[in-house]
Amino acid sequence: EPEVTQTPSHQVTQMGQEVILRCVPISNHLYFYWYRQILGQKVEFLVSFYNNEISEKSEIFDDQFSVERPDGSNFTLKIRSTKLEDSAMYFCASSARGSQPQHFGDGTRLSIL
Amino acid sequence: AQSVTQLGSHVSVSEGALVLLRCNYSSSVPPYLFWYVQYPNQGLQLLLKYTTGATLVKGINGFEAEFKKSETSFHLTKPSAHMSDAAEYFCAVSDRDSNYQLIWGAGTKLIIKP
């Protein structure tokens, strides 16, 4: 069964550094999402992406964050100038259509020191 | 605005007993409802979904859920718990007005006693 893959599984970065989290969505999917889960808290929506542009973003997704689909397969989340509070598990998801279930990767655990 | 409430951060049942995990939602438009399961150190796996049609939906691993509009609920059940069901379960809601972003409950950790 096709799956969403995320790399790396764990990223450790110094505060203030930039990180790029990578995702390869399911190949025929058109809608892409990023979520995060801070330890012990709810999963939170960050951003959705469709037709090469952001379709929705949350208050969390400020100027520090950006997303890109640089080629036909990868979907990346960039965090500029990371802060301690960015430490979380970041999940990528994709769906064939907006109303269809989202399929998730195993996540990237981001630790900011 | 949408929201999801899962009653009970931890639910403990004996192996072979009924599993009932509660989820209530609020949405101003017809919702799409989902249950996801997360095993330790793994991602979020879809258990089942409700979009339209039959209100009783069946998912993987013997789980099912019933959409009750009058109660704004989407509780998850399984007749007989198995040790392998121990995991964290998340209820989520989305709708067209919010571009299908998933709004999540806080999760319920299911503990199975031998």
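Residues numbered from 1 in each chain as written. Chains lettered and ligands numbered in written order. Predicted model: local features only at pLDDT ≥ 70, side-chain atom pairs only at ≥ 80, totals over all residues. Heavy atoms only, no water.

Enquirer: Go over the overall build of chain A with me, naming the residues and quoting the values.
Expert: Within chain A one finds zero helices and eleven strands. What you see in chain A, going N to C, is helices and strands ordered as β-β-β-β-β-β-β-β-β-β-β. Relative to the compact-globule value of 13 Å for 113 residues, chain A shows a C-alpha radius of gyration of 13 Å, a close match. Its C-alpha atoms give chain A principal-axis dimensions of roughly 35 × 30 × 30 Å. In chain A, which comprises 113 residues, the proportion classed as buried is 47%. Roughly 5800 Å² of accessible area belongs to chain A as shown, and the carbon and sulfur atoms make up 45% of that amount. Between the centroid of the 10 positive side chains of chain A and the centroid of its 14 negative side chains there is a distance of 1 Å. (Helix = DSSP H or I, 4+ residues; strand = E, 2+ residues; numbered from the N terminus. Rg over C-alpha atoms; globule rule 2.2 N^0.38 Å. Buried < 20%, exposed > 50% of the residue type's maximum accessible area, 1.4 Å probe, protein only. Areas by Shrake-Rupley, 256 points an atom, 1.4 Å probe, with all protein chains shown as cover. Lys, Arg positive; Asp, Glu negative; His and termini not counted. Charge placed at Lys NZ, Arg CZ, Asp CG, Glu CD.)

Enquirer: How would you sum up the nonpolar core? Please name residues and give values.
Expert: Membership of the largest hydrophobic core comes to 27 residues, with the highest contact counts inside it found for W35, L48, F74, L76 and Y89 of chain B. Looking at this core, the elements with two or more residues in it are β2 (10-14), β3 (19-26), β4 (32-38), β5 (44-50), β7 (64-68), β8 (73-78), β9 (87-94) and β11 (108-113) of chain B. Beyond its immediate stretch of four places on either side in the chain, F74 of chain B contacts C23, L33, F34, W35, L48, K49, Y50, V57, A65, E66 and F67 of chain B. Ranked by size, the runner-up nonpolar core spans 22 residues in total, among them L21, L46, F61 and V67 of chain A. (Core = buried A, V, L, I, M, F, W, Y, C linked by side-chain atoms within 4.5 Å. Contact = heavy atoms within 4.5 Å.)

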